[in-house]
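Structural description and commentary
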Amino acid sequence: MVGTNPLMEPDAFHLGALADPLSFREPILLGDANPMKLLHWLGQLIKIRCAEEKIGDECARATIKCPCHLVIGQEAPAVGVAEHIRNGDRVFGAHRSHAHFLALGGSLHLLLAEVLGKDTGCSRGMGGSMHLLDRKHNFFGSVPIVGATVPIATGAALAAKMDGHGGIAVSYLGDGATEEGVFHESLNFASVFKLPILYVVENNLFSSHLHISLRQPFDSICRFAVSNGVGWQRVDGNDTVAMARATERAINIARCGGGPQLIEAVTYRWRGHVGHREDNDVGVLRKEGLSEWKKRDPIARLATAMKTAEILTEDRLNSIWAESRAAVGLAWLSAVSDPYPPPTALLDRVYALADR
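Residues numbered from 1 in each chain as written. Predicted model: local features only at pLDDT ≥ 70, side-chain atom pairs only at ≥ 80, totals over all residues. Heavy atoms only, no water.

With respect to the nonpolar core
One finds L42, I64, V170, L262 and L302 to be the most contacted residues of the largest nonpolar core, which totals 102 residues. Of all the elements, helix α1 (residues 35–60) adds the most residues to this core, at ten residues. Among residues more than four places away in sequence, those in contact with L302 are I28, L30, L38, W41, L42, L45, T240 and V241. (Core = buried A, V, L, I, M, F, W, Y, C linked by side-chain atoms within 4.5 Å. Buried < 20%, exposed > 50% of the residue type's maximum accessible area, 1.4 Å probe, protein only. Helix = DSSP H or I, 4+ residues; strand = E, 2+ residues; numbered from the N terminus. Contact = heavy atoms within 4.5 Å.)

Put into structure tokens, the structure is as follows:
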């Protein structure tokens, strides 16, 4: 669903059927998508799912001590967006960014070592699950403060415009972050200066444990793009192909000087706000909806479509799962045996001494 004329599009206020877990269960439409890309995307989805399940299991065992916000069930936006990121772009995440990190090419070992607090982690064991960094793969950081990277990404877009090299910025955020004032300030600033930035709102309908209907008068985030003159698209966030196509459109506009773009990816997380539990006993709306949302599994929908198109066999699908679980297992064994940062790192990596 695309807002072709955002100033006249009334549906910018309502998600409609996308918010109904009984809808959008059918296999996705592949169109003319390249079979090799589809296999790559499926592999990425499954890798992320396997990594997240391992992290969840180890959280349950208390092997992992830091808080972990899992993305299980909403892997598709990260994979669809990552397809169109190139060198020179700057991508920023939030507190639920394992998928963003991995989809861009981040290492399983670097991620698992980081959540274990090991010196070999992507942030040298000093950040944990919510402070990820991988500039080699254009991921410029994630932080736990809600909405905190939105203005940073907007500043990166200003820098990209001033550089003139065709780079863009991407800001991932959840529906809860749109209730922070800095989100609206950033959209306004980006619109005024026609910055090359893509805001990807992963609207999973819940901010912590509170459903969007209890927090906002309308359930669609696109209305904020309308009020700021920002181009927008609303997408089934459990459809990897749709996410990739929407991202391609938005990024092409942003790169060519068309100003900021916003994609609202409507999805749902299977686990609770933080930790391994599903939290299906928290809130009537989540209790009633979780089992139905699981039938919109982005992995199953893509795999079914690929099998129907004779791009994928059941044996190949099983092999992808097995290979991903094995890769996660090896990365975990390596991370577990890695050393922790030395005690001196507590000061060396936090404080910088000024020359006097």
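Topic: helix α11 (residues 314–337)
Helix length check: α11 (24 residues) gives 35 Å between terminal C-alpha atoms against 34 Å at 1.5 Å per residue, within 8%. Taken as a whole, α11 has its buried residues at L317, I320, W321, S324, V328, A331, W332 and A335. On its buried side, α11 packs onto α1, α4 (108–115) and α10 (298–308). (Expected span 1.5 Å × (residues − 1).)

Here's the deal with a nonpolar patch on the surface
Taken together, the side chains of M126, L346, L347, V350 and Y351 present a nonpolar region at the surface, about 550 Å² in accessible area. Along the chain, V350 turns up in the segment after α12 (345–348). (Patch = residues over 30% accessible without salt bridge, like charges linked within 9 Å, V, L, I, M, F, W, Y side chains within 5 Å. Areas by Shrake-Rupley, 256 points an atom, 1.4 Å probe, with all protein chains shown as cover. Salt bridge = Lys/Arg side-chain N within 4 Å of Asp/Glu carboxyl O.)

Considerations on the environment of W293
Note on placement: W293 falls in helix α9 (residues 284–293). Taking the relative accessible area as the measure of exposure, W293 reaches 2% and is therefore buried. Put simply, W293 and K194 are 99 residues apart on the chain and 37 Å apart in space, counted from C-alpha to C-alpha. Excluding its chain neighbours within four sequence positions, the residues that come into contact with W293 are L18, A19, P21, L205, N238, T267, Y268 and W270.

Quick notes on the packing of helix α5 (residues 149–163) against helix α6 (residues 181–192)
For the pair α5 and α6, the least separation of the axes is 9 Å and the interaxial angle reads 15°. In terms of orientation, α5 lies roughly parallel with respect to α6. Crossing of α5 against α6: the hand is left-handed. Contacts between α5 and α6 involve V150, P151, T154 and L158 from the former and V182, F183, S186, F189 and A190 from the latter. Looking at side-chain class alone, the contact of α5 with α6 contains seven nonpolar, two polar and no charged residues. (Axes fitted to C-alpha atoms, helices over the stretch in contact; angles between N-to-C directions. Parallel < 35°, antiparallel > 145°, perpendicular 65-115°, else oblique. Left-handed = near helix turned anticlockwise from the far one by under 90°. Nonpolar A, V, L, I, M, F, W, Y, C, P; charged D, E, K, R; others polar.)

Structural measurements only, silent on function.
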